[in-house]
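Overview (structure and organization)
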Amino acid sequence: MYDGLTGRYTFSCPAKGEVRVPLSGFRLLERLPGAAHPAVYKITFACACGSDHEGLVTHDDLDWAPLAGADTAFLNLMTSRLEPVSDDFLGEAARRIQSGAWPWSFFCYPEERPRPVFPSAFRLLSPGGEEVGVAVECPACAGTSVNLVSRPHVDVPFYNDRQVGVVEHVFPHDRERALAAFREELFSSTFDASVRRLAA
Ligand SMILES: [Zn+2]
Ligand SMILES: [Zn+2]
């Protein structure tokens, strides 16, 4: 599902067969009702063929696979055996998180502060040249914020833009409809976005 070497998710396309898509190629993320262990997300992604398709990703693959590193083996010189690296990468990721580094973060507009986040909190992504508009449901306050960020900010764990654009807009409770409308306009109109610092 997730290829640690390329940092991409594998989906199927009716025209091209198997395609690999980075997180920034996702367009909509919806948690499916029912399945809880593991939770499953329906992903609408922008395909290289030019169309949008849907695919399913488990919660673990969404949030933890990018932290597990390359799904390959390394030669352990202590044991002279080939061993998988994923556990080491996950251990390293856990240590970095405990020391205060976050794999993903965003600026929560309702709370006026940066917050750590995982990709499962992303709700909508919209491409615009070099920037990506990402709507995030805050895990702390449940408010929705839209940040304008770089692609690596989305695609590369532990890479966080030092500052991001924050759209000054409070989303109503009918968020899905508001976001759908917002998606159309995000990069075509003049929403007020101001710059906020994410990191020192
Ligand atoms: Zn396609
Ligand atoms: Zn918040």
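Structure: see above.
The notes below deal with the structure included here. Everything quoted here is computed from the prediction, not taken from an experiment. (Residues numbered from 1 in each chain as written. Chains lettered and ligands numbered in written order. Predicted model: local features only at pLDDT ≥ 70, side-chain atom pairs only at ≥ 80, totals over all residues. Heavy atoms only, no water.)

**Focus: the nonpolar core**
Formed by 40 residues in total, the largest nonpolar core has its most connected members in Phe11, Phe26 and Phe122. Aside from chain neighbours lying at most four places away, what touches Phe26 is Tyr9, Phe11, Val21, Ile43, Thr44, Phe45, Leu62 and Leu125. Of all hydrophobic cores here, the second largest spans eight residues; its members include Val146, Val167, Phe171 and Phe182. (Core = buried A, V, L, I, M, F, W, Y, C linked by side-chain atoms within 4.5 Å. Buried < 20%, exposed > 50% of the residue type's maximum accessible area, 1.4 Å probe, protein only. Contact = heavy atoms within 4.5 Å.)

**Considerations on the coordination of the zinc ion (ligand 2)**
Protein-derived ligands of the zinc ion (ligand 2) are Cys108 (SG), Glu111 (OE), Cys138 (SG) and Cys141 (SG), with the metal-ligand distances lying across 2.0 to 2.4 Å. Coordination at the zinc ion (ligand 2) is tetrahedral, judged from the four donor atoms that bind it and the angles of 102 to 120 degrees they form at the metal. A residue is classified by how much of its surface remains accessible, and Glu111, at 28% relative accessible area, is partly exposed. (Donors = N, O, S within 2.8 Å, 3.2 Å for Na, K, Ca; no water. Tetrahedral: all angles 85-135°; square planar, octahedral: opposite > 155°, others 65-115°.)

**Description of the coordination of the zinc ion (ligand 1)**
Bound to the zinc ion (ligand 1) on the protein side are Cys13 (SG), Cys47 (SG), Cys49 (SG) and His53 (NE2), at distances that span 2.1 to 2.3 Å. Coordination at the zinc ion (ligand 1) is tetrahedral: its four donor atoms span angles of 105 to 117 degrees at the metal. The sequence pattern formed by the donor residues of the zinc ion (ligand 1) is C-x33-C-x1-C-x3-H. Of the two residues, Cys13 is situated in strand E2 (residues 8-13) and His53 in strand E6 (residues 52-58); the sequence distance between them amounts to 40 residues. Look at His53 and you get buried, because its relative accessible area is 13%. (Helix = DSSP H or I, 4+ residues; strand = E, 2+ residues; numbered from the N terminus.)

Shape is all these values report; function is a separate question.
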